[in-house]
Every structure is written in structure tokens, then in C-alpha cells.
Amino acid sequence: TGVNMMAGLLNRRRSFLDHNGEPVVLGMHAVGDAHTCTNPLYGRGCSLALVQAELFADSLKAHGLDHRARAVAFEAATRSEITPWYRAAVAQDQLSPANHSPANHSPANHSPANHSPASEGPANQSPAAEHRQAAREFLRDGLFPAMRTDPVVLRAFLRMFNLLEAPDSLMKNGEVVSRVLAVFNQRESRPPEEPVGPDRASLVTALGPA
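Calculation rules
- Residues numbered from 1 in each chain as written.
- Predicted model: local features only at pLDDT ≥ 70, side-chain atom pairs only at ≥ 80, totals over all residues.
- Heavy atoms only, no water.
- Helix = DSSP H or I, 4+ residues; strand = E, 2+ residues; numbered from the N terminus.
- Buried < 20%, exposed > 50% of the residue type's maximum accessible area, 1.4 Å probe, protein only.
- Contact = heavy atoms within 4.5 Å.
- Areas by Shrake-Rupley, 256 points an atom, 1.4 Å probe, with all protein chains shown as cover.
- Axes fitted to C-alpha atoms, helices over the stretch in contact; angles between N-to-C directions.
- Parallel < 35°, antiparallel > 145°, perpendicular 65-115°, else oblique.
- Nonpolar A, V, L, I, M, F, W, Y, C, P; charged D, E, K, R; others polar.
- Core = buried A, V, L, I, M, F, W, Y, C linked by side-chain atoms within 4.5 Å.
- pLDDT = per-residue confidence, 0-100.
- Salt bridge = Lys/Arg side-chain N within 4 Å of Asp/Glu carboxyl O.

A. Structural context of the overall build of the chain. A count of helical and extended segments in the chain gives eight helices and four strands. N-terminal to C-terminal, the α/β element order of the chain is β-β-α-α-α-β-β-α-α-α-α-α. The buried share among the 210 residues of the chain stands at 28%. Excluding contacts between residues fewer than 6 apart, the proportion of contacts in the chain whose partners are at least 24 apart in sequence is 58%. Carbon and sulfur atoms make up 59% of the accessible area of the chain, which amounts to about 13,800 Å² in all.

B. Structural detail: the packing of helix 2 (residues 67–81) against helix 3 (residues 83–94). Direction vectors running N to C along helix 2 and helix 3 enclose 40 degrees, while the axes themselves pass 4 Å from each other. Taken together, the axes of helix 2 and helix 3 are oblique relative to one another. Here helix 2 contributes Thr78, Arg79, Ser80 and Glu81 to the contact with helix 3, which in turn contributes Thr83, Pro84 and Trp85. By residue class, the composition of the contact of helix 2 with helix 3 is two nonpolar, three polar and two charged.

C. Here's a closer look at the nonpolar core. With 18 residues, the main nonpolar core has Leu143, Val153, Phe157, Leu170, Val176 and Val180 as its most contacted residues. Of all the elements in the fold, those that place two or more residues in this core are helix 1 (45–63), helix 4 (127–149), helix 5 (151–161) and helix 7 (174–184). Not counting residues within four places of it along the chain, the set of residues in contact with Val153 comprises Leu143, Ala146, Met147, Val176, Arg179 and Val180.

D. Main features of the confidence of the model for the chain. Mean pLDDT over the chain works out to 84, with 86% of the residues at or above the 70 mark. The secondary structure element of the chain with the lowest average pLDDT is strand 4 (residues 111–112), at 34, and the one with the highest is helix 2, at 97. For the stretch residues 99–121, pLDDT sits under 50, and the model shows 45 contacts to residues farther than four places along the chain or on other chains.

E. Representation of the pattern of salt bridges in the model. Following the criterion strictly, the structure yields six salt bridges and no others. Among the salt bridges present, the one from Arg68 reaches Glu22, with a minimum N-O distance of 2.8 Å. Highlighted residues: Arg68 in helix 2 and Glu22 in the loop between strand 1 (11–13) and strand 2 (36–37), separated in sequence by 46 residues. The residue Glu175 makes a salt bridge to Arg179 at a minimum N-O spacing of 3.1 Å. With Glu175 and Arg179 both in helix 7, this residue pair falls four residues apart, about one helical turn. Classification of Glu175 as partly exposed rests on a relative accessible area of 42%. Judged by relative accessible area, which is 31%, Arg179 ranks as partly exposed. What emerges from the salt-bridge pattern is a single network uniting Asp150, Glu175 and Arg179.

This is the structure:
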């Protein structure tokens, strides 16, 4: 077929408790994308929906037909187990090199939770922009090269990527951080990375006339 576009790659969460922590509606619960949606680029939606379904089953088993207690317990478990992955998706989108991050909506204030900053030159970058640039360099010149050569880093990354560890587990693992830093500090002496594929011009040349 032709190229099919995929749009609406949102990070979005809805709150089912009011500002006092009370259920907005009794007897209704949302699971999966209806509650918390993360950018499908990261491939976590189905897994997080299954986790949240288990959380609901646990709250139902513990509180039965006590609608208020069940809702409060379910939302608390969701904040603990699901919300960190929502925040991680928002942060990952903000690290996009082009900074073309999807809109992330917060129903609490009906305003985007993830904004693309205005274009700024290197000389007048905001502290937040400088932080994102530093994080991108750390990933590009530290974590990704380390994953190709260090099994400890690769295993830790795969455990996090597959939801077996919390999204901030890499940065809390002292051994992993030290190994990544060692690779990052060698970035000036490493030979250039082999390209993963041809650029567009080379590909068009190789394909020849249509």
C-alpha cells in the first residue's frame, strides 16, 4: 500500500477523583487508554492496560461493593504503578531531537502538559532547554553506545523497557550509571559510529530510476 499516516500520538491522563480525593462518579472505573494513554511509539499501552486491570481486580477483591473505598484504592494504585510511565513518556517526548513532541493534555486545567519551547539559539537557551540537550547527549554518546557493548547496561535497559523495573531504575542504579558515564567520557576518542543505513540521497541513487 501507500504510506499510511498515524496521528494523535498523545500522552494523556484523566482524573477520576476530585480535588478532595473523592470519586467524581461512584461505580465507574476506567482502565487503559480511557484512563491513561501514552505515546504508542514506546509500545507500552497494552501492557499498562493489563497492569491496570490487575490493579482494579485487586481493589475489587479488597473492597467489594464499597464504591468509594474501591475507587480511592484503585486510583492510588494507578498513581503508583501507571502514572510514572505516563510521566516517563512525556519526558521522552520532550527529548525528541526536533522537539516535536505530541500534545500532552492535563484534564485538571485543560492545558497542554508538554509544550514545545520556542526556537532558541545556543547562546540563549533556557535552563530547561540546556537540560534536555544534555540529556540527549548523554543518551546518544553514553547510554546507547554502552548498550551495544556492555551486557549489564543492556540487561538493565531491557528490564526497564519491558516494565519489569520502574522507569527511573536506570538512573537509580549506581553500577549502570558508572558504566554509562565511562562510555560517555570516551566519546571524543571513539571512532565514529557506523551508519545504521543509507541517507535519503544514497538510497534514491541505489534504487535508480522509478
